[in-house]
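Breakdown of the fold
Residue-level listing of the chains:
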Amino acid sequence: MNIDLHCHSSASDGALSPAALVRRAAERGVDVLALTDHDQLEGLAEARAAARTLPLELIDGVEISVTWRGLTLHVLGLRIDPGNTALAAGLRAVRAGRLERARTMAQALAEAGIHGALEGALRHADNPALVSRTHFARHLVEVGVAADVREVFRKYLVPGKPGYVPHRWAALGDALGWIRAAGGQAVLAHPGRYALSTGAMEGLLVEFCAGGGAGLEVVCGSHAPDQYALYGALATKHGLAASRGSDFHAPGEGAELGTLPQLDARLRPVWRDWEI
Ligand code: AMP
Ligand code: MN
Ligand code: MN
Ligand code: MN
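All of the points below concern the structure found in this document. All chains use their own residue numbering, which begins from 1 and follows the written sequence. Written order determines the labels here, with chains lettered from A and ligands numbered from 1. With the structure being a predicted model, the display of local features is reserved for residues of pLDDT at least 70 and the display and counting of side-chain atom pairs for 80 or more, all residues being used for whole-chain, interface and lining totals. With hydrogens and water set aside, each side-chain value is computed from the structure's full complement of heavy atoms.

We now examine the side chain of Arg101. Each helix is a run of H or I in the DSSP string that is no shorter than four residues. Each strand is a run of E no shorter than two, and both are numbered from the N terminus. Note on placement: Arg101 falls in helix H4 (residues 98–111). Only protein chains enter the accessibility calculation, which uses a 1.4 Å probe; a residue whose area is less than 20% of its type maximum is buried, one above 50% is exposed, and one in between is partly exposed. Positive charges come from Lys and Arg alone, negative charges from Asp and Glu alone, with His and the N- and C-terminal ends not counted. Here, a salt bridge means any side-chain nitrogen of Lys or Arg that lies within 4 Å of a carboxyl oxygen of Asp or Glu. Summary of buried charges: Arg101 has no salt-bridge partner, and the nearest side chain of opposite charge, Asp39, is 7.9 Å away. Note on contacts: a residue pair is in contact if any heavy atoms of the two residues lie within 4.5 Å. With sequence-adjacent residues up to four places away left out, Arg101 is seen in contact with Val131, Ser132, Arg133, Val165, His167 and Trp169.

Next up, the structure:
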């Protein structure tokens, strides 16, 4: 089975509408797809309606932005109940500061000589409440500031660069609590992306497990193949299930839906007890 448990639609920073995303996944042979937009659930209804006529099972998901020891982490919630009020209220609070942060980012970029970035980013954002660094990056590529989205991030949008604005997202314990309240399983997304020492990663995983975390994303678009083994071993060590997700955002931008290697057969997949 081709199971892809991490991707984005235009409800957050993906380029395709939820319906187009689901159709693309089915065309590429994905059997089970979780839509995991950042900090909101608005794309799920459209995705579900589109999945109804396709040989694809849709999983309701979300990717929550978290601040842990000053670092931004992403926690996926899989099989959440989209109608849960605790989760909805939590996500509303996480989203609240995004537009203000975007204004501050635009000011910072203006000081670096790049003007009009807020208007440009908003033109790329279907949902202004979810305006993200990705929307800024697409605009900056369009106006020729950099060749591609990755280069914009490297030069402007990561800590230490002129357009980076620190932001306080959800507390880890809160995000885990909302996911559990909504009946979902929490998976720590792309652990290889966090600038953590071995000891700090251990500390994070201990805290993640204590808060009710269920899984670790082992095979994902931002991991190099040698990291699959490393994070697979960490999942096993901490009794966490393993997950696989492309983190697809747009055609030609990062990993494609359903194309990554399968999980190592020795790992316990997060979907083991799902009826799929
Ligand atoms: P935000 O939530 O506004 O901070 O934006 C985070 C999003 O930016 C992530 O979900 C990714 O889609 C994207 N992103 C973060 N780092 C990079 C990077 N180095 N290269 C490309 N995209 C990135
Ligand atoms: Mn994203
Ligand atoms: Mn992420
Ligand atoms: Mn993602």
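Next comes the rest of the write-up.
Moving on to the sheet that holds strand E2 (residues 32–35). The mixed open sheet is built from 7 strands, whose spatial order is E1-E2-E3-E4-E5-E6-E7. One side of each edge strand has no neighbouring strand; the edge strands of this open sheet are strand E1 (3–4) and strand E7 (241–245). For two strands to pair, DSSP has to find at least two bridges joining them. Of the strand pairs in this sheet, strand E6 (residues 215–220) and E7 are connected by 5 bridges, and their pairing is parallel. Bridged to Leu216 within E7 is Ala242.

Here the focus is helix H10 (residues 225–237). The terminal C-alpha atoms of H10 lie 19 Å apart, and with 13 residues this matches the ideal 18 Å at 1.5 Å per residue to within 8%. Its buried side turned inward, H10 meets helix H9 (198–210), E6 and E7. The positive-phi residue at the C-terminal boundary of H10 is Gly239, with phi of around 70°. Take the number of residues in a helix, subtract one, and multiply by 1.5 Å to get its expected span.

Applying the stated criterion across every chain yields a total of 11 salt bridges. Taking the shortest distance from any N to any O, the salt bridge between Asp60 and Arg48 comes out at 3.4 Å. With Asp60 in strand E3 (residues 57–68) and Arg48 in helix H2 (residues 44–51), this pair connects stretches of sequence that are 12 residues apart. Within the structure, one salt-bridge network assembled from shared partners comprises Arg24, Arg28 and Glu256.

All residues in the neighbourhood of ligand 1 are listed as Asp13, His38, His74, Arg98, Arg101, Ser132, Arg133, Thr134, Val149, Phe153, Arg193 and His249. A distance of 3.1 Å separates an oxygen atom of ligand 1 from a polar side-chain atom of Asp13. Measuring from an oxygen atom of ligand 1, one finds a side-chain N or O atom of His249 at 2.8 Å. Of all the elements in the fold, those that place two or more residues in the shell around ligand 1 are H4, helix H6 (133–142) and helix H7 (149–157). When we say a residue is near a molecule or strand, we mean one of its heavy atoms is within 4 Å of it. Any N or O atom pair separated by 3.5 Å or less is treated as a polar contact, with the protein-specific requirement of one donor-capable and one acceptor-capable atom, and with residues adjacent in sequence counted only for side-chain atom pairs.

Sites may look incomplete, because water is not among the atoms used; the donor set itself consists of N, O and S atoms within 2.8 Å of the metal (3.2 Å for Na, K and Ca). Looking at the manganese ion (ligand 4), one finds its protein donor set to be His6 (NE2), His8 (NE2), Glu63 (OE) and Asp247 (OD), positioned 2.1 to 2.2 Å from the metal centre. A separation of 4.5 Å is found between the manganese ion (ligand 4) and the manganese ion (ligand 2).

Attention now moves to the packing of H4 against H6. Here, axes are lines fitted to C-alpha atoms. For helices the fit covers the stretch in contact, and angles between N-to-C directions go from 0 to 180 degrees. Contact geometry for H4 and H6: axes closest at 11 Å, N-to-C directions at 35°. Crossing angle aside, the handedness with which H4 passes H6 is right-handed. Between H4 and H6, the residues in contact are Arg101, Ala102, Met105, Ala106 and Leu109 and Arg133, Phe136 and Leu140, respectively. Residue polarity is assigned by list, with Asp, Glu, Lys and Arg as charged and Ala, Val, Leu, Ile, Met, Phe, Trp, Tyr, Cys and Pro as nonpolar; anything else, Gly included, falls into the polar class. Grouping the amino acids of the contact of H4 with H6 by side-chain chemistry returns 6 nonpolar, no polar and 2 charged. Whether a crossing is left-handed or right-handed is set by the direction in which the near helix is turned from the far one by less than a right angle, anticlockwise for left-handed and clockwise for right-handed.

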